[in-house]
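Coordinates in review
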Amino acid sequence: MGTSTRKKVLVFRELPPDQLARLEAQHDVTVANPRLPEQAAAFHAALASAEGMIGSSYPVNEALLATAPQLKVISSVSVGVDNYALPALAARGIMLCHTPGVLTETTADTIFSLIMASSRRLVELASHVREGRWTRNIGEELFGWDVHGKTLGILGFGRIGQAVARRAALGFGMPVLYHSRRPVDVPELAGKATHAPLDELLRRADIVAAVLPLSNETRGLMGAREFGLMKPGAIFINGGRGATVQEDALLHALNHGTLRAAGLDVFATEPLPMDSPLRTHPKVTALPHIGSATFETRHAMAVLATSNLLQALAGERPVAVFEAAGS
Ligand code: NAP
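Residues numbered from 1 in each chain as written. Predicted model: local features only at pLDDT ≥ 70, side-chain atom pairs only at ≥ 80, totals over all residues. Heavy atoms only, no water.

**Examining the packing of helix α5 (residues 104-120) against helix α7 (residues 159-171)**
Spelled out, the test is: Every angle, taken between N-to-C directions, lies between 0 and 180 degrees, and every axis is a line fitted to C-alpha atoms, over only the stretch in contact when it is a helix. Where helices and strands are cited, they refer to DSSP runs of H or I of at least four residues and of E of at least two residues respectively, numbered from the N terminus. Should an angle fall under 35 degrees it is called roughly parallel, over 145 degrees roughly antiparallel, and 65 to 115 degrees roughly perpendicular, with every other angle called oblique. Each crossing gets its hand from how the near helix is turned against the far one by less than a right angle, where anticlockwise is left-handed and clockwise is right-handed. Every residue pair with non-hydrogen atoms within 4.5 Å of one another is taken to be in contact. Gly is put with the polar residues, along with every residue not named as nonpolar or charged; the nonpolar set is Ala, Val, Leu, Ile, Met, Phe, Trp, Tyr, Cys and Pro, and the charged set is Asp, Glu, Lys and Arg.
Following both chains from N to C, one finds α5 and α7 inclined at 55 degrees, their axes separated by 8 Å at the closest point. In terms of their interaxial angle, α5 and α7 are classed as oblique. Crossing of α5 over α7 shows right-handed handedness. Contacts between α5 and α7 involve Thr104, Glu105, Thr107, Ala108, Asp109, Ile111, Phe112 and Ile115 from the first element and Arg159, Ile160, Ala163, Val164, Arg166, Arg167 and Ala168 from the second. Here the contact of α5 with α7 is built from residues that sort into 8 nonpolar, 2 polar and 5 charged.

Okay, structure coming up:
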């Protein structure tokens, strides 16, 4: 193959070796993770000539894009695109690809795990055993609350929200309410999942699970007013993006309101700062952003992201170009 078609590619988060090999077979690849101090300089140097970038979990803002004059395509190894300056990408005509679909079921599993763990106090009770405190039969001070049959409110009813709804409605007999800007017709959930305005959902749901993308509209969506509308003893789960929740308001609802528990996979600042009260709060089950973190799914995401990038650099239409939904 002639070398003229080889392009400069910047990999800004580790890729599995088989996917890196696919890229290296066709292009000149620099691997540099800007989050690692020893690789940051190489990352910024490579931006000057990069035509394609692939990675995730790093803010690609307007200032950074200004240092990448050759850039034609970014392939994100994520479905969420809140790390990218969308208006600046549009203005420059830079294509953005992402990984929808391949992580849907795994992320729904994570969210349902948080629902189960929060309601049945699984982490707290597993610690009870591990720490040698199971010395007699537990009493009602350690009982949990049923999940089956409870009303689940889902904020964000896209691919993942619907996958959570299937688990809840078809597996656990849970009536589902959902909030999104437009009602969605999901035949297998007919009569089992109902579109509702935000306030009505918050008032009626026993468990509220957020699976929202982060946007100007959803930033801080769950605040003091919204937590105040939730049923006494309700549980809040966040598997979307941390900044859709005002964390001070969540803490206040846990400490002084009637919120029973929270299960959180995502936080406004990640990794969660050591001094965040959410880290050790007795009513909080906190996970380190593991929604899609299984061997199978992380590999499938890398395959899709690599294919997207290779297709874009070849002048073809990639499988998964991010298209902003009309608001
Ligand atoms: P999706 O299919 O695009 O679904 C997004 C949903 O949010 C849609 O139902 C959309 O409906 C709704 N929505 C958007 N803006 C809204 C608003 N202002 N008010 C109410 N609803 C709104 O995306 P997905 O694949 O399900 O992923 C959802 C998000 O989950 C991602 O963007 C990502 O941030 C997060 N995520 C987290 C993890 C993790 O590791 N925890 C893993 C994967 C994804 P309308 O457009 O009709 O409003």
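**Observations concerning unusual backbone geometry**
How we decide: The buried label goes to any residue with under 20% of its type's maximum accessible area, the exposed label to any with over 50%, and the partly exposed label to all in between, with areas taken from a 1.4 Å probe on protein chains only.
Between Glu270 and the following residue, Pro271, the backbone shows a cis peptide bond with an omega angle of -5 degrees. Tracing the backbone through its elements, the reader meets Pro271 in the loop between β11 (261-264) and β12 (284-286). One non-glycine residue with positive phi stands out, namely Arg121, at about 60 degrees. Mapping Arg121 onto the fold places it in the loop between α5 and α6 (122-130). Taking relative accessible area as the criterion, Arg121 reaches 15% and is therefore assigned buried. Positive phi values are uncommon outside glycine, yet His289 reaches one of about 50 degrees. Mapped onto the elements of the fold, His289 is located in the loop between β12 and α11 (295-313).

**Quick word on the site of the ligand**
Here is the rule: We call a residue near a molecule or strand whenever a single non-hydrogen atom of that residue lies within 4 Å of it. In protein, a polar contact means a hydrogen-donor-capable atom and an acceptor-capable atom, both N or O and within 3.5 Å, with residues adjacent in sequence counting only if both atoms are side-chain atoms; elsewhere, any N or O pair within 3.5 Å suffices. Areas reported here follow the Shrake-Rupley algorithm with a probe of radius 1.4 Å; residue values treat only the protein chains shown as occluding.
Of all residues adjacent to the ligand, which total 26 residues, the nearest are Phe157, Gly158, Arg181, Arg182 and Asp265. The side chain of Arg182 places a nitrogen or oxygen atom 2.8 Å from an oxygen atom of the ligand. Considering the ligand on its own, with 920 Å² of exposed area, one finds that the protein chains cover 89% of that surface. Looking at the shell around the ligand residue by residue, the class counts come to 8 nonpolar, 12 polar and 6 charged.

**Here we look at the domain arrangement of the protein chain**
Rules: Note that domain bounds follow an automatic or database assignment of domains. Two parts placed together each lose some accessible area; with a 1.4 Å probe, that loss summed over both constitutes the buried area. Here a salt bridge means any side-chain nitrogen of Lys or Arg lying within 4 Å of a carboxyl oxygen belonging to Asp or Glu.
Looking at the assigned domains, one finds that the protein chain contains domain 1 (8-102 + 295-313) and domain 2 (104-286). With centres defined by C-alpha atoms, the gap from domain 1 to domain 2 works out at 32 Å. Taken together, the 8 residues of domain 1 in the interface contact 5 residues of domain 2. Counting the surface lost from both domain 1 and domain 2, the interface buries some 560 Å², and carbon and sulfur atoms represent 42% of this. When the area that domain 1 buries against domain 2 is broken down by residue, the three leading residues are Asp82, Gly101 and Thr297, summing to 62%. With a closest N to O distance of 2.8 Å, Arg241 and Asp82 form a salt bridge.

**With respect to the pattern of salt bridges**
Taken as a whole and assessed by the stated rule, the structure comprises 14 salt bridges. Where Arg6 meets Asp28, a salt bridge forms, and the shortest distance between an N and an O atom there is 2.9 Å. One end of the pair, Arg6, is in the segment before β1 (8-11); the other, Asp28, is in strand β2 (residues 28-31), and 22 residues separate them in sequence. Looking at Arg6, the relative accessible area reads 26%, which means it is partly exposed.

**Examining the sheet that holds strand β5 (residues 95-97)**
Let me state the cut-off plainly: Between any two strands, pairing holds if DSSP finds at least two bridges.
Strand order in the open sheet formed by 5 strands is β2-β1-β3-β4-β5, with parallel pairing between adjacent strands. Of all the strands in the sheet, just β2 and β5 have a single pairing partner and so form its edges. Pairs of neighbouring strands in the sheet enclose a mean axial angle of 15 degrees, with direction left out of account. Packed on one face of the sheet, helix α1 (residues 17-26) meets β1, β2 and β3 (52-55) and runs near 140 degrees to β2. Most of the contacts of α11 go to strand β4 (residues 73-76), to which it runs at about 170 degrees, and overall it touches β1, β3, β4 and β5.

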